[in-house]
Amino acid sequence: MSDDTQDHGGHSGNRRDFLYLSAGAFAGVGGAIALWPFVDSLNPAADVLALSTIEVDVSQVEVGQRVTVKWQGKPVFIDHRTETAIEEARDTPLSDLRDPQTDEARAERPEWLVVIGVCTHLGCVPKGQKPSEARGDWGGWFCPCHASHYDTSGRIRKGPAPLNLLVPPLSFLSDTNIKIG
Amino acid sequence: MSAGNQQPVGNGLVKWIDTRLPVFSYLQKEYAEFQSPKNFNWFWNFGAILTFMLVLMIVTGIVLAMQYQPNTNLAFDSVERIMRDVNFGWLLRYMHANGATFFFIAVYIHMFRGMYYGSYKNPRELLWILGVVILLLMMATAFMGYVLPWGQMSFWGATVITNLFSAIPLVGDSIVTLLWGGFSVDNPTLNRFFALHYLFPFLIFGVVVLHVVALHVSGSNNPLGVDPKGPQDTVPFHPYYTMKDSAGLAIFVTVFAFFVFFAPNFFGEPENYLEAAPLNTPAHIVPEWYFLPFFAILRSITFDVWFIEAKLGGVIAMFAAIFVLFVLPWLDKSPVRSAKFRPVYKWFFWIFLLDCILLGWVGGKTPDDLVFDGLSLKVLHLGWLSTFWYFFHFLILLPLLGIFERPKPLPKSISEPVLGGGSAGASATAKPMEKA
Amino acid sequence: MGIVSNMRRTAAVAGFAALAAVMSSAAFAAGDAKAPEDRDWHFEGIFGTVDRASAQRGLQVYLEVCAGCHSLKQVAYRNLADLGFTEAEIKVIASGFDVTDGPNDEGEMFERPAIPSDRFVSPFPNEEAAKAANNGANPPDLTLQVKAHPGGADYIHALLTGYVDPPAGTEVPEGSNYNAYFAGNFIAMPQPLFEDGVEYADGTPATIEQMATDVVNFMQWAAEPEMEQRKKTGFKVVIFLIILSAILYAGKRKMWANVDH
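Criteria and cut-off values
- Residues numbered from 1 in each chain as written.
- Chains lettered and ligands numbered in written order.
- Predicted model: local features only at pLDDT ≥ 70, side-chain atom pairs only at ≥ 80, totals over all residues.
- Heavy atoms only, no water.
- Pairing = 2+ DSSP bridges.
- Helix = DSSP H or I, 4+ residues; strand = E, 2+ residues; numbered from the N terminus.
- Axes fitted to C-alpha atoms, helices over the stretch in contact; angles between N-to-C directions.
- pLDDT = per-residue confidence, 0-100.
- Contact = heavy atoms within 4.5 Å.
- Salt bridge = Lys/Arg side-chain N within 4 Å of Asp/Glu carboxyl O.
- Buried < 20%, exposed > 50% of the residue type's maximum accessible area, 1.4 Å probe, protein only.
- Buried area = accessible area lost by both parts, 1.4 Å probe.
- Polar contact = N/O pair within 3.5 Å; in protein donor to acceptor, adjacent residues only side chain to side chain.
- Patch = residues over 30% accessible without salt bridge, like charges linked within 9 Å, V, L, I, M, F, W, Y side chains within 5 Å.
- Areas by Shrake-Rupley, 256 points an atom, 1.4 Å probe, with all protein chains shown as cover.
- Lys, Arg positive; Asp, Glu negative; His and termini not counted.
- Charge placed at Lys NZ, Arg CZ, Asp CG, Glu CD.
- Core = buried A, V, L, I, M, F, W, Y, C linked by side-chain atoms within 4.5 Å.

*Asks:* Could you give an account of the sheet that holds strand β7 (residues 156-158) of chain A, naming the residues involved and the relevant values?
*Replies:* Two orientations exist for strands paired in a sheet by backbone hydrogen bonds: parallel and antiparallel. Residues and elements named next belong to chain A. Strand order across the open sheet formed by three strands is β5-β6-β7, with antiparallel pairing between neighbours. Across the chains shown, the open sheet's two edge strands, defined by having one partner strand only, are β5 (139-143) and β7. For this sheet, the mean inter-axis angle between neighbouring strands, taken without regard to orientation, is 35°.

Pasting the structure below:
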């Protein structure tokens, strides 16, 4: 019979017993790995991810016409640009731009401009999609909230917005089928 | 000055906190140094296992609640979405569903341990009562939780059980309408069950805290039922029982994991994978296995007793089966705690356990079915027998045993070897200091 | 002292017996239905997996035979990638079905071909339409059928191949069909599978037995798409836990070695 039932075993600071250490480490690693499913369940689920790309059939969009589609919960402006609009966009010197970007970099196929319709100032949806709406001083889009003006390439020209309208990831599956995202 | 009676521990930040809010010294005293009888067997693991399961249920429940939709049009589909589209959703759902089963497995073992070793006796009566409160809250939580997936059993189980309250005279129907929030189990019912199902586990947590505080007042019981006499009878909880509890928990979780990953629907009812159809009653309505004994008791009262109709009688019997647990400390007045030293009680304990299992079996079957082909013994008859025995055990047997049983001689202490030790005498009734 | 004394061993045995008894009470179909035969399935057991070739054939059976009446609402076309279909193949399969979408800018609902992110299109817009087209009986959604019946895959297979001649003298009610495995024996669904009912893309002969097996394999996948991941992860987790339990138990023994208990 032992009298030594008090603090005993691996608890004292000096004896780092391998068995207790490995038990603790094993349990700890297991615990950390076990936590991952809980955290990951908060990430976008498969059905949400499936909607993270959309395909848009633009065969019915005429020259000079603009359409809006919804992508990842946000409006996306698709502009089938006229020759004039393209020229104006391409002829702009970069020094005129707050957020310098060439039109070529933003619209690989010049007749199609696709931008996310969210003002880079504080997030309102700019006007200009409908023919009856204001387009701002550069014929692009106009944000009614704080008067940001965007040009025919969706670049900020006047007003408080710091950046151009964002261009989403894009690819042309065919001449009339655009994959966004 | 620190509020506790011990010195603040640690240095630096720990001491700064502890002087103002003595959490660390509290934990040091109540968990690290807490003297526990050294002779616990593995049945004493289940308190820690239950705590782990409660935390697991709450954590899985919260992440599931982020994805679940408590609307009758959306609920079933939202659960399937969790199973298919949410990352690891199937794992969270199966852990939560099987977690309920394993929570009840653990709580029943924990309770039977208490009954065998007399852990409900003086001075632990309130500890036991708090435990029964936890059981009741668990049962309510589990019942409401099962409704949420909105399967056939969810809906019909809810319908049957809520309908029972109409048996209450005068106000019964009004109560049922109040519970439903309508004229049948429907969207308002589902919504409120979700709100309460989310709430109750936190109430359980609160009562568990009280349960543990009460335990620390009296100290733990032990397999001999004999109070510790000094440090030779105990060990500090840490590291001895933190280690043993970890080992026991790991084994329990291994069994749990086997079911979650390889037999996740073993304990469930296949019919609940069919969406609730209010116009289509299933052939057999059964609750989850852990309710089956109570369901059997409910269904066994098929006769009127004086002015109490059978339906009301069944409801009363079912609740009585739980409430009889509250008064157990006063039904069993034997001064000896542990069944180890109660040779007659021991036998009746095992019979009682078998009776509970039989009740569970009866609860899962159709009352009119024959038990054996060719013998005109119905399941219902076994239900009567086992229900009778359940109440007989508590209300007649235990009080009588308390008076008439001659217990075996108790050991002087935990440390003293039982064999050959100087016990008080062959025909001992317990010495006064051992009296419960 | 052993881990489990005599009494505690009895307790364990009693407990498991109890569980088995209670579980077996999930008893079988009432009435004169035959119990389905136990079959061996590719997906059964700890190491079971989906027989993808069979499940692909099963999809064909579903689309050509069952989808006329039965929906598969919980499955999305994109899920078919799990069975080995390419994105292009899935787009083709999906585009064969029309989905109601909208409202458009004029406020009208419109039809469009399904895309991979859509769920399988149902043959009927709602339960009432389904019943009206099927003599008042509602053909159930098939996604979870394998999980919704005791006997699972064995039962579904038996049901599909169980359209036998009724025993002499049995009167089959109008609008019903005799099935040896269905509870009560009279099922509203007429026999769905016939020899060569489907021409399999991979050339497998389409016997009733083959089609039943294939469609059940497909339905099992539809009911439990996570099965393979679940079993794979489970194997690792359980092995880990067994090792952890062993280490912790060894630690406990070591720690308690000099305590008289």
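*Asks:* Quick one: what's the story with the confidence of the model for chain A, residue by residue and with numbers?
*Replies:* Of the residues in chain A, 91% have a pLDDT of 70 or more, and the chain-wide mean is 90. Of the regions scoring below 50 in pLDDT, residues 1-14 of chain A engages in 24 contacts with residues more than four places distant in sequence or in other chains.

*Asks:* Tell me about the pattern of salt bridges, and please be specific about residues and values.
*Replies:* Residues and elements named next belong to chain B. Throughout the structure, instances matching the rule amount to 30 salt bridges over all chains. When the shortest N-O distance is used, the salt bridge between R337 and D227 registers 3.0 Å. Of the two residues, R337 sits in the loop between α13 (328-331) and α14 (343-364) while D227 sits in the loop between α9 (187-218) and β2 (234-236), which places them 110 residues apart along the sequence. Across the pair D332 and R342 runs a salt bridge whose closest N-O atoms are separated by 3.0 Å. Placement of the pair is D332 in the loop between α13 and α14 and R342 in the loop between α13 and α14, with a sequence separation of ten residues. Owing to a relative accessible area of 2%, D332 belongs among the buried residues under this scheme.

*Asks:* I'd like a description of the pairing of strand β1 (residues 54-57) of chain A, backed by residues and values.
*Replies:* Residue and element names in this part refer to chain A. Of the two faces of β1, the one lined by I54 and V56 is fully buried and the one lined by E55 and D57 carries no buried residue. Pairing analysis gives four bridges linking β1 to strand β9 (residues 177-180), with the strands arranged antiparallel. Its bridge partner being in β9, E55 is matched across the sheet by K179.

*Asks:* Tell me about the sheet that holds β9 of chain A, and name the residues and values.
*Replies:* Residues and elements named next belong to chain A. Here three strands make up an open sheet; going across it, the order is β1-β9-β8 and the pairing antiparallel. Each end of this open sheet is capped by a strand with a single partner; those strands are β1 and β8 (170-174). Averaged over all adjacent pairs, the angle separating strand axes in this sheet is 30°, with direction ignored.

*Asks:* Before we move on, could you go through the interface of chain C and chain A and cite the residues and values that matter?
*Replies:* Contacts between the two partners involve 14 residues from chain C and, on the opposite side, 16 residues from chain A. Contact between chain C and chain A buries roughly 1,400 Å² in total, counting both sides, with carbon and sulfur atoms accounting for 70%. One salt bridge connects K91 of chain C with E55 of chain A, and the closest N-O pair in it is separated by 3.0 Å. Of all the elements, helix α8 (residues 227-255) of chain C adds the most residues to the side of chain C that touches chain A, at nine residues.

*Asks:* Account for the side chain of T141 of chain B, with residues named and values stated.
*Replies:* Here T141 of chain B is to be found in helix α6 (residues 125-147). Setting aside its immediate chain neighbours within four residues, T141 of chain B contacts H197, F200, P201 and I204 of chain B.

*Asks:* An account of the pairing of β8 of chain A is requested, with residue identities and associated values reported.
*Replies:* Direction of pairing for β8 of chain A relative to β9 of chain A: antiparallel, over a ladder of four bridges. Residue F172 of chain A lies in a different strand from β9 of chain A, and its bridge partner there is I178 of chain A.

*Asks:* Tell me about the interface of chain B and chain C, residues and numbers included.
*Replies:* Listed by partner, the interface residues are 50 residues for chain B and 51 residues for chain C. Between chain B and chain C, the buried area comes to about 4,500 Å², and carbon and sulfur atoms account for 71% of it. Applying the counting rule to chain B against chain C returns two salt bridges. A salt bridge links R119 of chain C to D85 of chain B; its shortest N-O distance comes to 3.7 Å. Seen at the junction of chain B and chain C, the total is eleven residue pairs in polar contact (both at pLDDT 80 or more).

*Asks:* How would you summarise a negative patch on the surface if you had to cite specific residues and measurements?
*Replies:* A cluster of acidic residues, E83, E87, E88 and D91 of chain A, forms a negative patch on the protein surface. By secondary structure assignment, the location of E88 of chain A is in helix α3 (residues 83-90).

*Asks:* Report on the nonpolar core, specifying residues and quantitative values.
*Replies:* Ranked by size, the top nonpolar core spans 150 residues in total, and within it F104, Y108, M115, Y390 and F394 of chain B carry the most contacts. At 18 residues, the largest contribution of residues to this core is made by helix α5 (residues 89-117) of chain B. With residues up to four places along the chain from it excluded, the contact list for Y108 of chain B reads L135, W289, Y290 and F294 of chain B. Counting residues in hydrophobic clusters, the runner-up holds 44 residues, among them F43, A67, A114 and W221 of chain C.

*Asks:* Before we move on, can you summarise unusual backbone geometry with the specific residues and values?
*Replies:* Following N122 of chain B, the chain continues to P123 of chain B via a peptide bond in cis, the omega torsion being 0°. Summarising the element assignment, P123 of chain B is placed in the loop between α5 and α6. Note the cis peptide between G102 of chain C and P103 of chain C, where omega equals 0°. Here P103 of chain C lies in the loop between β1 (98-101) and β2 (110-113).

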